[in-house]
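Each chain, written out:
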Amino acid sequence: MVGPPLQVGDNVVLERQHLQQLLDVLTKRGYRIVGPTVRDRAIILDELGSVADLPAGWTDEQDGGTYRLKKRADEALFGYVVGPHSWKKFLLQPQMRLWQARRVGSTFEVLAGSEETPRFAFIGVRSCDLHAIATQDKVFVAGEYADPSYRSRRENILVVAVNCGQAGGTCFCVSMKTGPKVTFGFDLALTEVLDVDGHYFLVEVGTELGAEVLREVSHREAREEEKAAAESVIARCSGQMGRSLDTTEIKELLYRNYEHPRWDDVAGRCLTCGNCAMVCPTCFCTTVEDFTDLSGERAERRRRMDVCFTMDFSYIHGGSIRSSAMARYRQWMTHKLATWIDQFGVSGCVGCGRCITWCPVAIDITEETRAIRESELNRREVI
Ligand code: SF4
Ligand code: SF4
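Residues numbered from 1 in each chain as written. Chains lettered and ligands numbered in written order. Predicted model: local features only at pLDDT ≥ 70, side-chain atom pairs only at ≥ 80, totals over all residues. Heavy atoms only, no water.

**Here we look at the overall build of the chain**
And step 1. Assigned secondary structure in the chain consists of 13 helices and 16 strands.
And step 2. For 383 residues, the compact-globule estimate of 2.2 N^0.38 gives 21 Å, and the C-alpha radius of gyration of the chain, at 23 Å, lies within 12% of that figure.
And step 3. Dimensions along the principal axes, computed over C-alpha positions, put the chain at roughly 75 × 70 × 35 Å.
And step 4. Per-residue burial over the chain gives 50% buried out of 383 residues.
And step 5. In the chain, 71% of the contacts between residues at least 6 apart in sequence involve partners at least 24 apart.
And step 6. Counting only carbon and sulfur atoms, one obtains 51% of the accessible surface of the chain, whose full area is about 18100 Å².
And step 7. Computed over 47 positive and 53 negative side-chain charges, the inter-centroid distance for the chain is 3 Å. (Helix = DSSP H or I, 4+ residues; strand = E, 2+ residues; numbered from the N terminus. Rg over C-alpha atoms; globule rule 2.2 N^0.38 Å. Buried < 20%, exposed > 50% of the residue type's maximum accessible area, 1.4 Å probe, protein only. Contact = heavy atoms within 4.5 Å. Areas by Shrake-Rupley, 256 points an atom, 1.4 Å probe, with all protein chains shown as cover. Lys, Arg positive; Asp, Glu negative; His and termini not counted. Charge placed at Lys NZ, Arg CZ, Asp CG, Glu CD.)

Right, here's the structure in full:
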């Protein structure tokens, strides 16, 4: 059943009916399979028991403040774009205990942690999300102070990526040069093709580990027309972006416009709910909280996800330094598109569109940037 020897860079065909074998091989190797599944009328990420848990025949409609699932005319398994969840929920635990201690006489001892690192196989990671993971890597493992929990989870993942076959109404990965074709960070990359020849995946082998896994799964050599069909799926998607963002000197543009009236305009609409930061695959803010039991014998420090839209987040002695909605939205957007570049050398935005879709009042990062850019151009024309 197994085809010729596989190497990194090879392209082979995996028939739809053999995808379950891939999941079985990964499970046998000790991976917990996580991927897209339908829950609460959205496509979210969670543990998968089998291929039957994937959203077969579903697609999504997205626009500013709008998300809706719809049935497709075919049985595509990956015929939708990214949903409200991102992979950060598996790599950067939403809540975790950092340490705990117990009283010993007049002093205390710190108790050893016991978290076992899960080994996740991520199924269906899109190119924008691979860029987002690489961005979070810069925060949590590339610097002088690595985060041990993130690092151990990150080192143990296996990535089965999927090239997008259609773009959503809020996608703009082409503008951010982060998609739709996956170019790095995967063990295997699938392109789903449904045509007169059937339903199959063109698989690109990204690593030796990916090759090793695929050797245990039925596959066959890809014909030239099958490779071309997969390429045209991705090319079609590139032309469908629902949004675009002009990134020309975007950092300088925003730095020049800290006092632009558009920030007040957006503050009049922003609810400071923090949804945009929660769904963003690169946002990484956390806070810590200390707890003691009632007897005073045990204490622990926990870390949990946080967002920069709360007053508390910028509280320093005496008060919050970002007390207005204007200051908080401006901070978030300029961090994503400008200060992040100074901090980490890349944009904090990968163009996934989640913050636009999941903003309850449809505030759109591409539209806000465009308004500021256009007002500058208009000002120049008047002068
Ligand atoms: S921009 Fe939208 S999602 Fe973000 S805090 Fe404001 S209202 Fe909430
Ligand atoms: S800022 Fe918005 S579009 Fe950009 S990566 Fe975050 S959620 Fe996606």
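**Considering the domain arrangement of the chain**
And step 1. According to the domain assignment, the chain consists of domain 1 (11-238) and domain 2 (250-382).
And step 2. Facing 40 residues of domain 1, the contacting portion of domain 2 comprises 36 residues.
And step 3. With both sides pooled, the region where domain 1 packs onto domain 2 buries about 3300 Å², and carbon together with sulfur makes up 58% of that total.
And step 4. The tally of links between domain 1 and domain 2 comes to four salt bridges.
And step 5. Between Arg303 and Asp147 there is a salt bridge, and its shortest N-O distance comes to 2.5 Å. (Domains from an automatic or database assignment. Buried area = accessible area lost by both parts, 1.4 Å probe. Salt bridge = Lys/Arg side-chain N within 4 Å of Asp/Glu carboxyl O.)

**So, the site of ligand 1**
And step 1. Taken together, the neighbourhood of ligand 1 is formed by 13 residues, with Cys270, Leu271, Cys273, Cys276 and Cys359 sitting nearest.
And step 2. Of the residues belonging to the shell around ligand 1, the class tally is ten nonpolar, three polar and no charged. (Near = heavy atom within 4 Å. Nonpolar A, V, L, I, M, F, W, Y, C, P; charged D, E, K, R; others polar.)

**Quick word on the nonpolar core**
And step 1. Core analysis: the largest hydrophobic core is formed by 35 residues, its most contacted members being Leu19, Leu22 and Leu26.
And step 2. Take this core: its biggest share by element is five residues, from helix 1 (residues 19-28).
And step 3. What Leu26 contacts, discounting residues up to four positions off in sequence, is Tyr31, Ile33, Ala121, Ile123, Leu158, Val160 and Val213.
And step 4. Core analysis: the next-biggest nonpolar cluster, separate from the first, contains 31 residues, Met176, Leu253, Ala267 and Cys349 among them. (Core = buried A, V, L, I, M, F, W, Y, C linked by side-chain atoms within 4.5 Å.)

**As for a nonpolar patch on the surface**
And step 1. A cluster of nonpolar side chains, contributed by Leu98, Trp99, Phe108, Val110 and Val288, occupies part of the molecular surface with about 470 Å² of accessible area.
And step 2. In this fold, Val110 is placed in strand 7 (residues 107-111). (Patch = residues over 30% accessible without salt bridge, like charges linked within 9 Å, V, L, I, M, F, W, Y side chains within 5 Å.)

**What about the pairing of strand 5 (residues 66-71)?**
And step 1. The pairing of strand 4 (residues 58-63) with strand 5 spans six bridges and is classified as antiparallel. The residue of strand 5 that forms the bridge with Gln62 is Tyr67.
And step 2. Hairpin connection between strand 4 and strand 5: a loop of two residues separates the two successive antiparallel strands, and Gly65 in this loop has a positive phi of roughly 65°. (Pairing = 2+ DSSP bridges.)

**Points about the site of ligand 2**
And step 1. By nearness alone, 13 residues border ligand 2, and Cys280, Cys349, Cys352, Gly353 and Cys355 come closest of all.
And step 2. If you list the elements that add at least two residues to the shell around ligand 2, you get helix 11 (325-344) and helix 12 (354-357).
And step 3. When its residues are assigned to classes, the shell around ligand 2 shows nine nonpolar, two polar and two charged.

**Quick look at the packing of aromatic side chains**
And step 1. Inspection of every chain in the model, using the stated rule, returns 16 aromatic pairs.
And step 2. Taken together through their ring pairs, the aromatic side chains of Phe140, Tyr150, Phe284, Trp340 and Phe344 make up a single cluster.
And step 3. Cation over ring: Arg119 sits above Tyr31, and NZ or CZ is 4.2 Å from the ring centre.
And step 4. Stacked on the ring of Phe291, the Lys or Arg Arg302 has its end atom at 4.0 Å from the ring centre. (Phe/Tyr/Trp six-rings, centres within 6.5 Å; stacked < 30°, edge-to-face > 60°. Lys NZ or Arg CZ within 6 Å of the ring centre and 35° of its normal.)

**Section: the side chain of Gln136**
And step 1. Along the chain, Gln136 turns up in helix 3 (residues 127-140).
And step 2. Overall, the relative accessible area of 2% leaves Gln136 in the buried class.
And step 3. When near neighbours in sequence (up to four residues on either side) are disregarded, Gln136 contacts Lys88, Leu92, Tyr150, Pro281, Thr282, Cys283 and Phe284.

**Notes on the pattern of salt bridges**
And step 1. Inspection of the entire model under this criterion finds 31 salt bridges.
And step 2. Here Asp246 ties to Arg373 by a salt bridge, and the two come within 3.6 Å at their closest N and O atoms. Taken together, the positions of Asp246 in the loop between helix 7 (224-238) and helix 8 (250-256) and Arg373 in helix 13 (residues 365-382) put the pair 127 residues apart, joining distant regions of the chain.
And step 3. Residue Asp246 is classed as partly exposed on the basis of its relative accessible area, which comes to 40%.
And step 4. Arg373 sits in the buried class, given a relative accessible area of 16%.
And step 5. Between Arg256 and Glu376 there is a salt bridge, and its shortest N-O distance comes to 2.8 Å. Pair noted here: Arg256 is in helix 8 and Glu376 is in helix 13, with a separation of 120 residues, a long-range link.

**Quick word on the sheet that holds strand 6 (residues 95-104)**
And step 1. Read across the open sheet, the four strands follow the order 7-6-14-13; overall the sheet is antiparallel. The outermost strands of the open sheet, each flanked by one partner alone, are strand 7 and strand 13 (286-292). Going across the sheet, the axis of each strand differs from the next one's by a mean of 25°, ignoring polarity.
And step 2. Sheet topology places strand 6 next to strand 7; five bridges connect them, and they run antiparallel. Within the sheet, the bridge partner assigned to Gln100 lies in strand 7 and is Leu111. (Axes fitted to C-alpha atoms, helices over the stretch in contact; angles between N-to-C directions.)

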